[in-house]
Amino acid sequence: MYEQKKERRTRARYGVLALVFINVIINYMDRSNISVAATSMGKDLALSSVQLGLIFSAFGWAYSALQIPGGWMVDRFGPRVMYALSLCTWSIATLFQGFTKGFAGLFGLRLATGAFEAPAFPTNNRIVTSWFPDKERASAVAMYTSGQFVGLAFLTPVLATIQHYTGWRGLFIITGIIGIVWSLVWYAVYRDPNKSRKVNKEELSYIEQGGGLVNPKGKENQEKEKLKWSDLKETLSHRKLWGIYLGQFAVNSTLWFFLTWFPTYLVEYRGLDFIKSGFLASLPFLAAFVGVLISGFVSDYMAKRGVSMGVARKTPIITGLLLSIAIIGANYVDNTAMIIFFMTIAFFGNGLASITWSLVSQIAPQRLVGLTGGVFNFIGSLASIIVPIAIGYLAKGGNFAPALVFIGVLALFGALSYILLVGKVERIAEKGDGGKRPNLSHQA
């Protein structure tokens, strides 16, 4: 009787994944609420188009700049504290946007929102690396990553409704309060695997034997460890890491086209009315949502069937990046349905390629998973600054075709980086390890 009970594993890791999924939805809700509020806010505060553009970009500048420090802080303080702090502070910055009276205040608060959100995705990666074995990690990454597409596809109408009844100020205040409350819930509920009361020894053993880092380093056992330039150098010294860094820039380039310019492209360059474009704009996001789920589950299915980890992980990513090149097809059609068709294929591909974080978990040096995630997200997030500005210049003469070619070329560049640079998917051993980490043998 006792032995039968002992063999039954708990499934606490799925509850943790549900918490992270909600975190990501709130994260993207507070990124996208400004696009919903922009028209009314711009009129009330007498903002020019140039000022609005600067406000849109403010998030990306701060978010990108603090990715590396954010990743290091995750390694030092652990996911429970860092996520609670990050959630609460970015939500406070969101709430105060409802009280701004002009450009300077709003610009500063968007900078603050980006800064405080910076540790979020390195923390997501650290949590999944701790809670999931290698062969389940791609589907776990897909599940929480799908939260960004859920937030964009399904929450936009909800945010528009909130603004309709409460105004743009009410929109920021309500979304900020939601995040503050959820940060308290997160801190009360989340624990690392080795401290959770909801996980039993069988599940812990299953995770650890499968390559999960069930004993992540946190503040309690890194009190004396400081950020060293040699650690940063380590994360920048490996070809396979540069392969995933450049690939992530390409993946994010397509994403940020859809986050910023896509509605404008439909309305101003393709002549759709605002209501119709709002409905059609949701279709590519729904396709991306489906794509990321398919990618994660297919990748893990392949891994469990004995396919090498490199093939299982890289195949959906490379396929997705190649499908994203389809965005160029919209340049050669005038029918609305066909335009949306090419856009939907491109963003479906972007969804397929969005399990890239699973490779960070499996390639990064064990001690530097958070810092590597920070570098990875820093380089990827540069797309949030470069792509919107570049598209603005390319489309300046009223012709959007060069901008779509630009996005397609970046997608091809990303696919080539995974094909030519990443190579074998296995954990990088730090210089000087000298074979002192026997538990790395199962990490690849």
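Whatever comes next refers back to the structure up there.
Residues numbered from 1 in each chain as written. Predicted model: local features only at pLDDT ≥ 70, side-chain atom pairs only at ≥ 80, totals over all residues. Heavy atoms only, no water.

**Q** Explain the nonpolar core to me, and be specific about the residues and the numbers.
**A** In this structure, Ile-244, Phe-257 and Met-343 are the most contacted members of the largest nonpolar core, which totals 115 residues. Taken together, domain 1 (11–201) and domain 2 (230–428) each give at least three residues to this core, which thus spans both. Excluding anything up to four places from it in sequence, Phe-257 contacts Phe-262, Ile-327, Met-343, Val-387, Ile-391, Phe-400, Leu-404 and Ile-407. (Core = buried A, V, L, I, M, F, W, Y, C linked by side-chain atoms within 4.5 Å. Buried < 20%, exposed > 50% of the residue type's maximum accessible area, 1.4 Å probe, protein only. Domains from an automatic or database assignment. Contact = heavy atoms within 4.5 Å.)

**Q** Give me the lowdown on the pattern of salt bridges, citing residues and values where you can.
**A** With the rule as written, the count across this model stands at five salt bridges. For Glu-136, the salt bridge is made with Arg-13, and the minimal N-O distance between the two is 2.9 Å. Of this pair, Glu-136 sits in helix H8 (residues 134–153) while Arg-13 sits in helix H2 (residues 12–44), and the two are 123 residues apart along the sequence. The exposure classification of Glu-136 matches that of Arg-13, with both residues buried. The partner of Asp-300 in a salt bridge is Arg-313, and the shortest N-O contact between them spans 2.9 Å. Of the two residues, Asp-300 sits in helix H13 (residues 274–304) while Arg-313 sits in helix H14 (residues 309–324), which places them 13 residues apart along the sequence. (Salt bridge = Lys/Arg side-chain N within 4 Å of Asp/Glu carboxyl O. Helix = DSSP H or I, 4+ residues; strand = E, 2+ residues; numbered from the N terminus.)

**Q** Before we move on, can you summarise the side chain of Lys-314 with the specific residues and values?
**A** Tracing the sequence through the fold places Lys-314 in helix H14. If we skip the residues at most four places from it in the chain, Lys-314 touches Leu-359, Tyr-418, Val-422, Gly-423 and Val-425.

**Q** Lay out empty space enclosed by the protein with the relevant residues and their values.
**A** Where empty space is left can be seen by rolling a probe of water-molecule size over the atoms. Within the structure shown, the criterion is met by two cavities of 30 Å³ or more. Space inside the largest cavity adds up to approximately 190 Å³. Counting residues per element, the ones that place at least two in the lining of the largest cavity are H2, H8, helix H12 (239–269) and helix H17 (369–381). No other element matches H12, which puts five residues into the lining of the largest cavity. Partitioned by chemical class, the residues of the lining of the largest cavity number eight nonpolar, nine polar and one charged. (1 Å grid on protein atoms, 1.4 Å probe; cavity = no way out; pocket = protein on both sides within 12 Å on 5 of 7 lines; lining within 4 Å. Points joined across faces, edges and corners; volume = space filled by probe spheres on them. Nonpolar A, V, L, I, M, F, W, Y, C, P; charged D, E, K, R; others polar.)

**Q** Report on the environment of Cys-88, specifying residues and quantitative values.
**A** Take Cys-88: it is sitting in helix H5 (residues 79–96). When its relative accessible area of 23% is taken as the criterion, Cys-88 is described as partly exposed. The spatial distance from the C-alpha of Cys-88 to the C-alpha of Trp-182 is 8.1 Å, given a sequence separation of 94 residues. With residues near it in sequence (within four places) discarded, Cys-88 still touches Ile-180 and Ser-183.

**Q** Please set out H2 residue by residue, giving values where relevant.
**A** The end-to-end C-alpha distance of H2 is 48 Å, a good match for the 48 Å that 33 residues give at a rise of 1.5 Å each. Looking one or two places after H2, you find Ala-46, whose phi comes out positive at around 55°. (Expected span 1.5 Å × (residues − 1).)

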